[in-house]
Amino acid sequence: MPSLMSHRLEPLQQLADNREDEASRHLADAHRLVAEREQRLRELIDYRADYERRIVCGTTQLLLNARQFIARLREAEAFQRQLVIKAQQELAAERARWLLRHREADTLELLAETYRVRERRTEARVVQQRLDEQALRQHQLRAADTRC
């Protein structure tokens, strides 16, 4: 049976698998980006905290410069927090895209398997019917031979 439905679905299955793989790569990239941005935020927070601990009393100008630098570090932290939030949102979107692609691939695989089961049953019925016909013919031939 050259036009089996299960074989006709193969290009669609391959396309769905490719899309799922691509979505999986994007999801992995999004995970890495979140991790990198969170690490950068931790580094900024740790650096600022360490800088604040090292401030010793000094001249008014030195203290003013230190406060200004700490303020810039806090701005950098706030900016980095926004980058983390944006990366987390993108991660959630990529996860949703991957889940959709994964479900599509699974659905096509399930459909193809359903067709394969039907095709095997049909083939088994055809084979059984041929065997039954062959057995019937042999029985009829033996019966005819015994009458003669």
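What you see is a predicted model; the values in this text were computed from it and never measured.

J.: What am I meant to see in the overall build of the chain here?
T.: When you go through the chain residue by residue, the secondary structure sums to three helices and zero strands. Listing the helices and strands of the chain from first to last along the sequence gives α-α-α. The C-alpha radius of gyration computed for the chain amounts to 35 Å, which surpasses the reference 15 Å derived for 148 residues by more than 25%, pointing to a less compact arrangement than a globule. If one aligns the C-alpha atoms of the chain with their principal axes, the spans along those axes are about 130 × 20 × 15 Å. Put simply, the chain has 148 residues, and 18% of those count as buried.

J.: Hey, could you run me through the packing of helix H2 (residues 10–54) against helix H3 (residues 60–147) in this one?
T.: When two helices pack together, their arrangement is captured by the angle between the axes and the distance separating the axes. The N-to-C vectors of H2 and H3 enclose an angle of 160°; their axes lie 7 Å apart at closest approach. Classified by the angle their axes make, H2 and H3 are roughly antiparallel. Both H2 and H3 take part in a crossing whose hand is left-handed. In the contact of H2 with H3, the residues fall into 25 nonpolar, seven polar and 17 charged.

J.: Even after reading the chapter, I still don't get the confidence of the model for the chain, so can you show me in this structure?
T.: Mean pLDDT over the chain stands at 92; residues scoring 70 or higher make up 97%. Taking the mean pLDDT of every element in the chain, the minimum, 85, falls on helix H1 (residues 5–8) and the maximum, 96, on H2.

J.: I would appreciate a short explanation of the environment of Arg120 in the present structure.
T.: Among the structural elements, Arg120 can be located in helix H3. With 77 residues separating them in the primary sequence, Arg120 and Glu43 have C-alpha atoms 61 Å apart.

J.: Teacher, can you tell me more about the packing of aromatic side chains here?
T.: Here the distance between the centres and the angle between the planes together describe a pair of aromatic rings. Taken as a whole and assessed by the stated rule, the structure comprises three aromatic pairs. With centroids separated by 6.3 Å and ring planes inclined at 85°, the aromatic side chains of Tyr47 and Phe69 adopt a geometry described as edge-to-face. Taken as a pair, Tyr47 in helix H2 and Phe69 in helix H3 lie far apart in primary sequence, 22 residues in all. Residue Tyr47 is classed as partly exposed on the basis of its relative accessible area of 40%. Residue Phe69 is classed as partly exposed on the basis of its relative accessible area of 26%. The rings of Tyr47, Tyr51 and Phe69 are connected pair by pair, giving a single aromatic cluster.

Rules and cut-offs
Residues numbered from 1 in each chain as written. Predicted model: local features only at pLDDT ≥ 70, side-chain atom pairs only at ≥ 80, totals over all residues. Heavy atoms only, no water. Helix = DSSP H or I, 4+ residues; strand = E, 2+ residues; numbered from the N terminus. Rg over C-alpha atoms; globule rule 2.2 N^0.38 Å. Buried < 20%, exposed > 50% of the residue type's maximum accessible area, 1.4 Å probe, protein only. Axes fitted to C-alpha atoms, helices over the stretch in contact; angles between N-to-C directions. Parallel < 35°, antiparallel > 145°, perpendicular 65-115°, else oblique. Left-handed = near helix turned anticlockwise from the far one by under 90°. Nonpolar A, V, L, I, M, F, W, Y, C, P; charged D, E, K, R; others polar. pLDDT = per-residue confidence, 0-100. Phe/Tyr/Trp six-rings, centres within 6.5 Å; stacked < 30°, edge-to-face > 60°.

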